[in-house]
Amino acid sequence: QVQLVESGGGLVQAGGSLRLACEISGGAFMRSTTGWFRQAPGKEREFVAVTNRYRQPTYADFVKGRFTISRDSAKSTVYLQMNSLEPEDTGVYYCVADEHVIFSSRRMSAAYDYWGQGTQVTVSS
């Protein structure tokens, strides 16, 4: 059974940084596309960033070079380094993983069968 466990969320002031981590067990991490979505209060869930088995990253436009996604295969963990955080980045961040993501669908939440429980990120102004 695939399990995703996120950590690293918290409260930070605008301009600060956080690093999220997601440890993935029970699945073929090496072959999976993994990454992050987020959901702000009152808004729909949206794509943030993913990285595929070849370590090719894809970012949402709003990231604007502020976030970096990476993966450590030895630890079966995917990271999201978030710098220059803005109040608009506040929300619950969800880790995702799936072995069968079609490249053209990588930004779509429906492409991922496995989700973590979410970690709260709050950015104060």
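Given the structure is predicted, the values throughout are model-derived calculations rather than measurements.

Draft legend 1. Representation of the overall build of the protein. When you go through the protein residue by residue, the secondary structure sums to zero helices and 11 strands. Taken from the N to the C terminus, the helices and strands of the protein come in the order β-β-β-β-β-β-β-β-β-β-β. A globule of 125 residues ought to have a C-alpha radius of gyration of about 14 Å, and the protein, at 13 Å, matches this closely. With the principal axes as the frame, the protein shows a C-alpha extent of 40 × 25 × 25 Å. Expressed as a percentage of its 125 residues, the buried residues of the protein come to 46%. Here the contacts in the protein between residues at least 6 apart in sequence split such that 57% fall between residues at least 24 apart. Looking at the protein, you have 13 positive and 12 negative side-chain charges, and the mean spots of the two groups are 5 Å apart.

Draft legend 2. Representation of the sheet that holds strand β8 (residues 77-82) within the structure. The sheet built from four strands is open, its strands ordered β1-β3-β8-β7 with antiparallel pairing. On the outer flanks of this sheet lie β1 (3-7) and β7 (67-72), each paired with one strand and no other. Ignoring which end each strand starts from, the neighbouring axes of this sheet average 15 degrees apart. Bridge analysis of strand β3 (residues 18-25) against β8 gives six bridges, and the strand direction is antiparallel.

Draft legend 3. Summary view of the pairing of β8. Within β8, five of the six residues are buried, leaving the element largely enclosed by the surrounding structure. Where β7 and β8 come together, six bridges link them in antiparallel fashion. Residue Ile-69 lies in a different strand from β8, and its bridge partner there is Leu-80. In sequence, β7 turns back onto β8 through a hairpin of four residues, with Ser-76 there showing a positive phi of about 50 degrees.

Draft legend 4. Summary view of the state of the cysteines. By the definition in use, this model includes one disulfide. One disulfide bridge connects Cys-22 with Cys-95, the sulfur atoms lying 2.1 Å from each other. Residues Cys-22 and Cys-95 are joined through a disulfide that is left-handed, its torsion about the S-S bond being -85 degrees. Remark: Cys-95 occurs in strand β9 (residues 91-98) and Cys-22 occurs in strand β3; sequence separation between them is 73 residues. Under the relative-accessibility criterion, Cys-22 is labelled buried at 0%.

Draft legend 5. Structural view of the packing of aromatic side chains. For the structure shown, the criterion picks out four aromatic pairs. On the numbers, 5.3 Å between centres and 50 degrees between planes, the contact of Phe-37 with Trp-115 is tilted. Remark: Trp-115 occurs in strand β10 (residues 114-115) and Phe-37 occurs in strand β4 (residues 33-39); sequence separation between them is 78 residues. Here Phe-37 falls in the buried class, since its relative accessible area comes to 2%. For Trp-115, a relative accessible area of 25% corresponds to the partly exposed category. Here Tyr-94 and Trp-115 contribute two aromatic rings whose centre-to-centre distance is 6.2 Å and whose plane-to-plane angle is 70 degrees, an arrangement assigned as edge-to-face. Remark: Trp-115 occurs in strand β10 and Tyr-94 occurs in strand β9; sequence separation between them is 21 residues. By way of ring pairs, the aromatic residues Phe-37, Phe-47, Tyr-94, Tyr-112 and Trp-115 are connected into one cluster.

Cut-offs applied
- Residues numbered from 1 in each chain as written.
- Predicted model: local features only at pLDDT ≥ 70, side-chain atom pairs only at ≥ 80, totals over all residues.
- Heavy atoms only, no water.
- Helix = DSSP H or I, 4+ residues; strand = E, 2+ residues; numbered from the N terminus.
- Rg over C-alpha atoms; globule rule 2.2 N^0.38 Å.
- Buried < 20%, exposed > 50% of the residue type's maximum accessible area, 1.4 Å probe, protein only.
- Contact = heavy atoms within 4.5 Å.
- Lys, Arg positive; Asp, Glu negative; His and termini not counted.
- Charge placed at Lys NZ, Arg CZ, Asp CG, Glu CD.
- Pairing = 2+ DSSP bridges.
- Axes fitted to C-alpha atoms, helices over the stretch in contact; angles between N-to-C directions.
- Disulfide = S-S within 2.5 Å.
- Phe/Tyr/Trp six-rings, centres within 6.5 Å; stacked < 30°, edge-to-face > 60°.

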